[in-house]
Amino acid sequence: MRGWSFPVGKFLGVEVRIHTFFLLLLLLAVSYASAFGSTGGRGFVLWLILLGAVIVREVARAVAAAWHGLELRSILLLPTGGLFTYATPDAVERSSTPEMQKRMAVVGPIANFAFGLLLAALVLIISPQINLLEKPWITPAYLMRASVWMNLLLGAVNLLPASPLDGGRVFRGEFAKSHGAIKGMRASAGLGQAIAIAMVIAGVLIPNMWLVMLGAFVMIGAHLEDQGLLLQSDVDTVRMRDVMLTQFATLSASDTLEDALQRSVHSLQDVFPVVRGANLVGAVSRQGIVEALHAEGNGYIQGVMTRSFQTAKPDDSLVKTLRRIMGGQGAQMVPVLEGDRIVGIITPQNLAHSMGMLNQRRRIRTQE
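Residues numbered from 1 in each chain as written. Predicted model: local features only at pLDDT ≥ 70, side-chain atom pairs only at ≥ 80, totals over all residues. Heavy atoms only, no water.

With respect to the layout of surface pockets
When its volume is computed, the second largest pocket comes out at roughly 440 Å³. Those elements that place two or more of their residues in the lining of the second largest pocket are strand 1 (5–11), strand 2 (14–19), helix 2 (40–67) and strand 3 (72–78). The leading source of residues in the lining of the second largest pocket is helix 2, at 8 residues. Split by residue class, the lining of the second largest pocket holds 17 nonpolar, no polar and 2 charged. (1 Å grid on protein atoms, 1.4 Å probe; cavity = no way out; pocket = protein on both sides within 12 Å on 5 of 7 lines; lining within 4 Å. Points joined across faces, edges and corners; volume = space filled by probe spheres on them. Helix = DSSP H or I, 4+ residues; strand = E, 2+ residues; numbered from the N terminus. Nonpolar A, V, L, I, M, F, W, Y, C, P; charged D, E, K, R; others polar.)

Here it is, written out as structure tokens:
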């Protein structure tokens, strides 16, 4: 989705991007206005009203995220709302819990409903002659009425249990509690496609171009999520023990740099766990050993090893472990520990190979 978007700036350290689908909507809004006897300028303002409604809900959601201590990295604005990217592994983990998804899911619709009702009250005070209930509700001919109903429509649409809407996230989380994460995603994606088709049909019958477009975008989002389920189902079940290297070389903290370099000649590893007895105490790279020898001459591994690294357990999820690590500073090696004893390692070099072999084994078992 990021490849189909462009940045519009940074606000309070959060990058804001807008999806290119908004540009298609702009063309449709201008064409829609011209077809019904209005000017292209009014069509442009109608498009700005939709963008404003999306901004209202996303500002409210950003404030709610800050209230709950979820640090944001970026926001991608879509015609149906926005997608958050979180800045820390802890924020990613907490935001994916069903309870947090429920809290965040109600913020957007409440913001749009409240803003829409506020606009309605202002219209009734300033221009009581405007009939807010007269159809069509959203039209370039009556922009004040359109402002009210655009916010109400966006809030109502996001309550639907369809991915990638707010209601869809809640539905997926609740369904996953009893049926598992993958079945929850599949049910949410399938229901999202059905609801999207119903929205398009309803938009044609009313008629309401905006309902048609929102339905089309929900359909696209649900389809993309459904397409990703096969890969997701393969990866989510992978544990660290499934892909870790169990035959690897270690170095002792008391080894000299020259001895360590000599041992590294006979290994394909680029990074080595450093142990003291049976306990893991650090990690050192082949390049680090060479640079230390050039800079300071021979010494001991414990003087150049890094003591700051992230570890995993054999039964940890590969996806969650990688998400946690990549959300931080990244890693050249992830030691896999049972207690204090190292039983395996994951490196970028071996991960792709291990995943490829794992998929091959699964295909063979499926054919049997």
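Details of the packing of helix 2 against helix 5 (residues 143–157)
Two numbers describe how helix 2 lies on helix 5: the axes approach to 9 Å, and their chain directions differ by 35°. With respect to the hand of their crossing, helix 2 and helix 5 are arranged in right-handed fashion. Listed contacts from helix 5 to Arg42, Val45, Leu46, Ile49, Leu50, Ala53, Val54, Val56 and Arg57 of helix 2 are Leu143, Ala146, Ser147, Met150, Asn151 and Leu154. A breakdown of the residues in the contact of helix 2 with helix 5 according to their chemical character gives 11 nonpolar, 2 polar and 2 charged. (Axes fitted to C-alpha atoms, helices over the stretch in contact; angles between N-to-C directions. Left-handed = near helix turned anticlockwise from the far one by under 90°. Contact = heavy atoms within 4.5 Å.)

Points about a nonpolar patch on the surface
Among the surface-exposed residues, Phe115, Leu118, Leu122, Ile125 and Ile126 lie close enough to one another that they form a single nonpolar patch of about 500 Å² accessible area. Along the polypeptide, Phe115 turns up in helix 4 (residues 98–126). Relative accessible area serves as the criterion here: at 32%, Phe115 is assigned to the partly exposed category. (Patch = residues over 30% accessible without salt bridge, like charges linked within 9 Å, V, L, I, M, F, W, Y side chains within 5 Å. Areas by Shrake-Rupley, 256 points an atom, 1.4 Å probe, with all protein chains shown as cover. Salt bridge = Lys/Arg side-chain N within 4 Å of Asp/Glu carboxyl O. Buried < 20%, exposed > 50% of the residue type's maximum accessible area, 1.4 Å probe, protein only.)

What about the sheet that holds strand 3?
As summarised here, the arrangement of the 4 strands in space is 1-2-3-4, forming an open sheet in which the pairing is mixed. Here the strands that pair on one side only, and so sit at the sheet edges, are strand 1 and strand 4 (81–86). Averaged over all pairs of adjacent strands, the angle between strand axes in this sheet comes to 25°, irrespective of strand direction. Those strands touched by helix 1 (residues 21–35) are strand 1, strand 2 and strand 3, and its axis lies near 45° from that of strand 2. (Pairing = 2+ DSSP bridges.)

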